[in-house]
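# Close look at the chain arrangement
What follows is each chain in one-letter form.
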Amino acid sequence: MEAMKAKDPVRLSALRNAKKYIIEAKTAGPGITELPDADVLKILTKLAKQGTDSAAIFTEQHRPELAAEELAQVAVYQEFLPKPLTDEELTAEVKAIIAETGAASAKEMGKVMGVASKRLVGRVDGKELSAKVRELLA
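Residues numbered from 1 in each chain as written. Predicted model: local features only at pLDDT ≥ 70, side-chain atom pairs only at ≥ 80, totals over all residues. Heavy atoms only, no water.

## Digging into helix H6 (residues 109-119)
Taken together, the buried positions of H6 are Met-109, Val-112, Met-113 and Ala-116. Projected down its long axis, H6 shows its buried positions confined to an angular sector of 100°, all on one face. Exposed residues on H6 whose side chains face more than 90 degrees from its buried face are Gly-110 and Lys-118. (Buried < 20%, exposed > 50% of the residue type's maximum accessible area, 1.4 Å probe, protein only. Helix = DSSP H or I, 4+ residues; strand = E, 2+ residues; numbered from the N terminus. Arc of directions from axis to C-beta.)

Now the structure itself:
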């Protein structure tokens with residue numbers, strides 16, 4: 001409502017897009033009345049990543065106006081996402097998860113990734129998390 005009253009088309013478009021994906025997720029399965037926060041974070045993270053990727057493509061194609069619009073929408077999504085982890089915080093979290101799961105080698109990476117991806121949803125990119133887990137298990 002605030003975005004409509006303020007006549008902010010970028011924010012309004014981003015919020016409507018997020019709402020659309022959240023409603024689709026709620027109606028995807030029978031008996032889903034409330035969507036868990038973790039699922040909403042996944043949706044917002046996905047939208048932010050897609051927007052960033054689209055902006056990079058638009059920049060490569062010399063379309064700065066479209067890239068700026070995508071990045072503005074990404075900024076709206078990021079308002080609702082938790083603060084991303086720094087490299088030091090990520091290392092500490094992954095070390096704690098490795099100790100918790102008792103993983104000792106790279107063969108047990110899947111066990112660590114399962115716990116880490118659920119615990120750190122929305123706070124770190126999957127590729128970055130995978131690289132850090134691989135580094136610490138090696």
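Next, the rest of the story.
## With respect to the nonpolar core
Generally speaking, soluble globular proteins have nonpolar side chains that are buried together. Among the nonpolar cores identified, the biggest contains 15 residues, and Leu-90, Val-112, Leu-129, Val-133 and Leu-137 are the most heavily contacted of them. Those elements that provide at least two residues to this core are helix H5 (87-101), H6 and helix H7 (126-137). Residue contacts for Val-112: discarding those within four places in its chain leaves Ile-97, Ile-98, Thr-101, Ala-103, Val-133 and Leu-137. Ranked by size, the runner-up nonpolar core spans 13 residues in total, among them Ala-14, Leu-47, Val-76 and Leu-81. (Core = buried A, V, L, I, M, F, W, Y, C linked by side-chain atoms within 4.5 Å. Contact = heavy atoms within 4.5 Å.)

## Things to note about the pattern of salt bridges
Following the criterion strictly, the structure yields seven salt bridges and no others. When the shortest N-O distance is used, the salt bridge between Arg-63 and Glu-65 registers 2.8 Å. Within the structure, one salt-bridge network assembled from shared partners comprises Asp-87, Lys-132 and Glu-135. (Salt bridge = Lys/Arg side-chain N within 4 Å of Asp/Glu carboxyl O.)

## Comments concerning the packing of aromatic side chains
What the rule picks out here adds up to zero aromatic pairs. One residue, Lys-20, lies across the ring of Tyr-21, its end atom 4.6 Å from the ring centre. (Phe/Tyr/Trp six-rings, centres within 6.5 Å; stacked < 30°, edge-to-face > 60°. Lys NZ or Arg CZ within 6 Å of the ring centre and 35° of its normal.)

## Some remarks on the confidence of the model for the protein
For the protein, mean pLDDT is 88; residues scoring 70 or higher make up 100% of the total. Mean pLDDT in the protein bottoms out at helix H1 (residues 2-5), which sits at 78, and peaks at helix H4 (residues 64-79), which reaches 93. (pLDDT = per-residue confidence, 0-100.)

## Here we look at the environment of Leu-15
With respect to the element layout, Leu-15 can be found in helix H2 (residues 9-26). Sequence-wise, Leu-15 and Glu-128 are 113 residues apart; in three dimensions their C-alpha atoms are separated by 27 Å. Setting aside anything within four residues of it in sequence, one finds Leu-15 in contact with Ala-3, Val-76 and Phe-80.

## Points about the side chain of Thr-91
For Thr-91, the location among the structural elements is in helix H5. Other than its neighbours up to four places away in sequence, Thr-91 contacts Lys-132 and Leu-136.

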